[in-house]
Amino acid sequence: MKKTSKQIGFKFLAVAMIILLFCIINLKGSNLEKLYYKSQIIGIFVAIVGVIISVRQYVHTSNNEIVKFKNDQVQKAIDLAEYYKDNILCNMYMINQVYYLTGIKDIVDKIKKSDMKNFDKHELDEILSVSEKEKLKEIMQSEEFYSVVAAVCRDYNINVLDTVIQRDQDGNIILDNNGQPKKYVEVNKNKVIDLFMNRIVSETLNNLEYFSMHFTYNTANDTVVYQSLHKTYLDVVQLLYYNIAINNDKGADRLFTNVIELYNIWQERSQDAKTKEIEQSRSTAKKGFIAQNVA
């Protein structure tokens, strides 16, 4: 049974009292000398008691601070789970839909999670072929991409359309049968870039960085949310891998470093769990009927 600091302190104090009493009883010399030595011994005893009380108080305070810090870490993790749902997953539904409909997701899904480590242009060149990278650029600059973003944005009540007055080759306004200018609706490409790429995608990455930072700096306990969030987190970061890596030059100032660090921690933990599960299933597998040799 483990002894507490309180029990140890009392035992030490008891031993000290026995030793001091023994010393007082066995004092020799004149009464004045005995009185002097007794006062010294009592002073030592009082000092020892003071030290023990101070140490106990320090240990008690430290334990309370440790408990409070751990509780704060747990609460912060719970709060971040709510933040993750409201500020990351909500945006990811839209991004995932756009990337799926335009074919971006097909290319990104080919990347193995275990190959994603540094998230920079050098690694990107090793993971994706030249044709795949060119295809991603082509998709993001295509008319289809703008149209898909416009359709998805409409579903989320985000307007990226403009009403345009029709004009002839000379720039003159074309009128309808009622003498009113003819109008048509077109996708505003600048709005698509600003609202979707510069705000929704970038905002999601910045929110991921904020979320991840609390776990990489240990202000929140990641074990509280790991089991429920790690799968979607790994999927989200994989989907946005190209967006991160294309902006990170090797050796230069890197972006989204906390996202990358937490991804590597959770990816390794997830892989270790899968490996252990496979090893355990293999070790516990039962053999079938074994034929016996006939004498």
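Shown above is the structure to which this text applies.
Residues numbered from 1 in each chain as written. Predicted model: local features only at pLDDT ≥ 70, side-chain atom pairs only at ≥ 80, totals over all residues. Heavy atoms only, no water.

### Overview of the overall build of the protein chain
Logical step 1: Along its length, the protein chain carries 10 helices and 2 strands.
Logical step 2: Across the protein chain, helices and strands are ordered from the amino to the carboxyl terminus as α-α-α-α-α-α-β-β-α-α-α-α.
Logical step 3: By sequence separation, contacts in the protein chain at least 24 residues apart represent 76% of the contacts at least 6 residues apart. (Helix = DSSP H or I, 4+ residues; strand = E, 2+ residues; numbered from the N terminus. Contact = heavy atoms within 4.5 Å.)

### Things to note about helix 5 (residues 130-140)
Logical step 1: Taken together, the buried positions of helix 5 are Glu132, Lys133, Leu136, Ile139 and Met140. One side of helix 5 carries all its buried residues, which in axial view fall inside an arc of 125°. In helix 5, the exposed positions angled more than 90 degrees off the buried face are occupied by Val130, Ser131 and Glu138. (Buried < 20%, exposed > 50% of the residue type's maximum accessible area, 1.4 Å probe, protein only. Arc of directions from axis to C-beta.)

### With respect to helix 10 (residues 257-283)
Logical step 1: Between its first and last C-alpha, helix 10 extends 39 Å over 27 residues, near the 39 Å set by a 1.5 Å rise per residue.
Logical step 2: Those residues of helix 10 not exposed but buried are Asn258, Val259, Ile260, Leu262, Tyr263, Trp266, Gln267 and Ser270.
Logical step 3: Those residues of helix 10 that are buried are in contact with helix 7 (189-216), helix 8 (226-239) and helix 9 (241-245). (Expected span 1.5 Å × (residues − 1).)

### Describing the environment of Tyr156
Logical step 1: With respect to the element layout, Tyr156 can be found in the loop between helix 6 (143-155) and strand 1 (161-165).
Logical step 2: Placed 62 residues apart in sequence, Tyr156 and Met94 show a C-alpha to C-alpha distance of 8.1 Å.
Logical step 3: Not counting chain neighbours up to four residues away, the residues in contact with Tyr156 comprise Tyr93, Met94 and Gln97.

### A few points about the pattern of salt bridges
Logical step 1: One pass over the full model with this rule turns up 12 salt bridges.
Logical step 2: For Lys121, the salt bridge is made with Asp249, and the minimal N-O distance between the two is 3.2 Å. With Lys121 in helix 4 (residues 121-127) and Asp249 in the loop between helix 9 and helix 10, the pair connects residues that are 128 residues apart, well separated along the chain.
Logical step 3: By relative accessible area, Asp249 is classed as partly exposed at 36%.
Logical step 4: Asp222 is the partner of Arg269 in a salt bridge, and the nearest nitrogen-oxygen pair spans 2.8 Å. Pair noted here: Arg269 is in helix 10 and Asp222 is in the loop between helix 7 and helix 8, with a separation of 47 residues, a long-range link.
Logical step 5: Where salt bridges share partners, they join Glu82, Lys85 and Asp86 into one cluster. (Salt bridge = Lys/Arg side-chain N within 4 Å of Asp/Glu carboxyl O.)

### Brief notes about the packing of helix 6 against helix 7
Logical step 1: Between helix 6 and helix 7, the least distance of the axes is 10 Å, while the angle of their chain directions is 65°. The interaxial crossing formed by helix 6 with helix 7 has left-handed handedness. Contact residues: Glu143, Phe145, Tyr146 and Val149 in helix 6; Lys189, Val192, Ile193, Phe196 and Met197 in helix 7.
Logical step 2: When its residues are assigned to classes, the contact of helix 6 with helix 7 shows 7 nonpolar, no polar and 2 charged. (Axes fitted to C-alpha atoms, helices over the stretch in contact; angles between N-to-C directions. Left-handed = near helix turned anticlockwise from the far one by under 90°. Nonpolar A, V, L, I, M, F, W, Y, C, P; charged D, E, K, R; others polar.)

### Here we look at the nonpolar core
Logical step 1: Within the largest apolar cluster, 59 residues are counted, with the highest numbers of intra-cluster contacts made by Ile95, Tyr99, Phe145, Phe196, Phe211 and Tyr233.
Logical step 2: Among residues more than four places away in sequence, those in contact with Phe196 are Met94, Ile95, Val98, Tyr99, Phe145, Val149, Lys191 and Val201. (Core = buried A, V, L, I, M, F, W, Y, C linked by side-chain atoms within 4.5 Å.)

### Remarks on the packing of helix 7 against helix 8
Each pair of packed helices can be described by the angle between their axes along with the distance between the axes.
Logical step 1: Between helix 7 and helix 8, the shortest axis-to-axis distance is 13 Å and the interhelical angle comes to 140°. By the angle class used here, helix 7 and helix 8 are oblique. Considering only the axes of helix 7 and helix 8, their crossing is left-handed. Listed contacts from helix 8 to Leu208, Phe211 and Ser212 of helix 7 are Leu229, Tyr233 and Val236.
Logical step 2: Residues of the contact of helix 7 with helix 8, tallied by class, amount to 5 nonpolar, 1 polar and no charged. (Parallel < 35°, antiparallel > 145°, perpendicular 65-115°, else oblique.)

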